[in-house]
Structures are given as C-alpha cells and as structure tokens.
Amino acid sequence: MSTRKNSLETTKIVQFLEKIGIQIIEKKLGSTTFLPGLALGSNCIYVDFNELKYPGDLLHEAGHLAVTDGETRKNINNDPKEEWPTQGEEIAAILWSYAALTYLNIEPSFVFHPNGYKGNSEWFISNFTNANYIGLPFLEWAGLALGDKRALLENKDAFPIMQKWIRD
C-alpha cells in the first residue's frame, strides 16, 4: 500500500469525496491514464494509489464530476464521445477544487502543484488566495456557489463557501 494513501491530506480528501457522493474505487490502472493513478467513471474516481503521483489531483478530478450535470456525470468514462469537459467546466472544476481544499484546510500547493495546470499553478494560487475567483460565474450559474453580491442579497455565505458540492 502506498504511503500517499495514508497521508493526512489524502485521507481527508477521500473521506470528503465519499461524504459528498463521489465514490473512490481502488483499482490497478494501466499507464494510459491522463493523470498517473487516476481515472474517472460514472460518479466515481478510480485510484491506483501505487501509481498516484499527486494526491491533490483527486480534488481536481472530483471537481470535474461535481460541476458536470447529473445526466452527463452518469455517462462519464475515460473516452467521452463529445467534448468533455467544456472550457467552462474545466475552469469551474479548478475553482471547485480550491473551495474544497479551503473547506478541508489543505494548503493550495497540495492541489495546485508545480507539475500540473500547464505551468500555471502559482497563477491560480495567487488569483484564488486574493479572491479573484475565475470561474465563479459558472459555479453560481450551476447553483453551487454564490458571489459576494448575490450572497449578500440572499443572506447566505459567499464563495469559497459552497451552497452545495454536486451539480444536479
């Protein structure tokens, strides 16, 4: 069993994802996955903890499932027939993972590691920690989060607090 599986952050992430309805299934995966040790399925993430290089990637992949509409989410596999995720869903998944790491009290660099995000990890961390929430309009449109103005009007918590974690 990989020591990555037993890290405090990884344990927090796995427990959180299962609590919100994203199943984590341990499975030996081949070397053809987009991210080492991870593959997406219908409402689940397949994880090969022995191959998983960056456990924080679990949150990003979960973000893809969470921001996708329920019908599409049921049909997800590693070979989608149409463009998935959309560009809007991609940026929303990135911001969703920031909300999740904030909720879990995990350092942003655990998810936004230097070997991911096409070299833009520091850019995302800088923007998000300075409350420049790129992707928030999508999360608001999907009913997952509220921007400051709408949260004030509705007397609810604003992002990075989520109104719900999974899109209908």
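The structure displayed is predicted, hence computed values, not measured ones.

Chemist: Which parts of the structure should I look at to understand the layout of surface pockets?
Modeler: In this approach a probe as big as a water molecule rolls over the atoms, and the regions it shows empty are the leftover space. Its volume calculated, the largest pocket comes out at about 730 Å³. Forming the walls of the largest pocket are 27 residues, and the residues nearest its centre are Phe34, His60, Glu61, His64 and Glu90. When contributions to the lining of the largest pocket are tallied by element, the ones reaching two or more residues are β2 (38–41), α2 (57–67) and α4 (87–104). Looking at the lining of the largest pocket element by element, the count peaks at four residues for α2. A per-class count over the lining of the largest pocket returns 13 nonpolar, 10 polar and four charged.

Chemist: Please clarify how the sheet that holds β2 should be interpreted in this entry.
Modeler: For sheets, the rule is that strands pair by backbone hydrogen bonds, running either parallel or antiparallel. The sheet built from three strands is open, its strands ordered β1-β3-β2 with mixed pairing. Of all strands in the sheet, those with a lone pairing partner are β1 (23–26) and β2, marking the two edges. Across the sheet, the axes of successive neighbouring strands diverge by a mean angle of 25 degrees, strand direction being ignored. Of the strand pairs in this sheet, β1 and strand β3 (residues 44–47) are connected by four bridges, and their pairing is parallel. Residue pairing in the sheet places Gln23 in a bridge with Cys44 of β3. Taken strand by strand, α2 contacts β1, β2 and β3, and its axis lies near 20 degrees from that of β2.

Chemist: Can you walk me through the side chain of Thr68 in this structure?
Modeler: Tracing the sequence through the fold places Thr68 in the loop between α2 and α3 (70–74). Given the relative accessible area of 0%, Thr68 is considered buried. Within the structure, Thr68 has its side chain in polar contact with the backbone oxygen of His64 (distance 2.6 Å). What Thr68 contacts, discounting residues up to four positions off in sequence, is Arg73, Ile76, Trp84, Glu89 and Arg167.

Thresholds applied
Residues numbered from 1 in each chain as written. Predicted model: local features only at pLDDT ≥ 70, side-chain atom pairs only at ≥ 80, totals over all residues. Heavy atoms only, no water. 1 Å grid on protein atoms, 1.4 Å probe; cavity = no way out; pocket = protein on both sides within 12 Å on 5 of 7 lines; lining within 4 Å. Points joined across faces, edges and corners; volume = space filled by probe spheres on them. Helix = DSSP H or I, 4+ residues; strand = E, 2+ residues; numbered from the N terminus. Nonpolar A, V, L, I, M, F, W, Y, C, P; charged D, E, K, R; others polar. Pairing = 2+ DSSP bridges. Axes fitted to C-alpha atoms, helices over the stretch in contact; angles between N-to-C directions. Contact = heavy atoms within 4.5 Å. Buried < 20%, exposed > 50% of the residue type's maximum accessible area, 1.4 Å probe, protein only. Polar contact = N/O pair within 3.5 Å; in protein donor to acceptor, adjacent residues only side chain to side chain.

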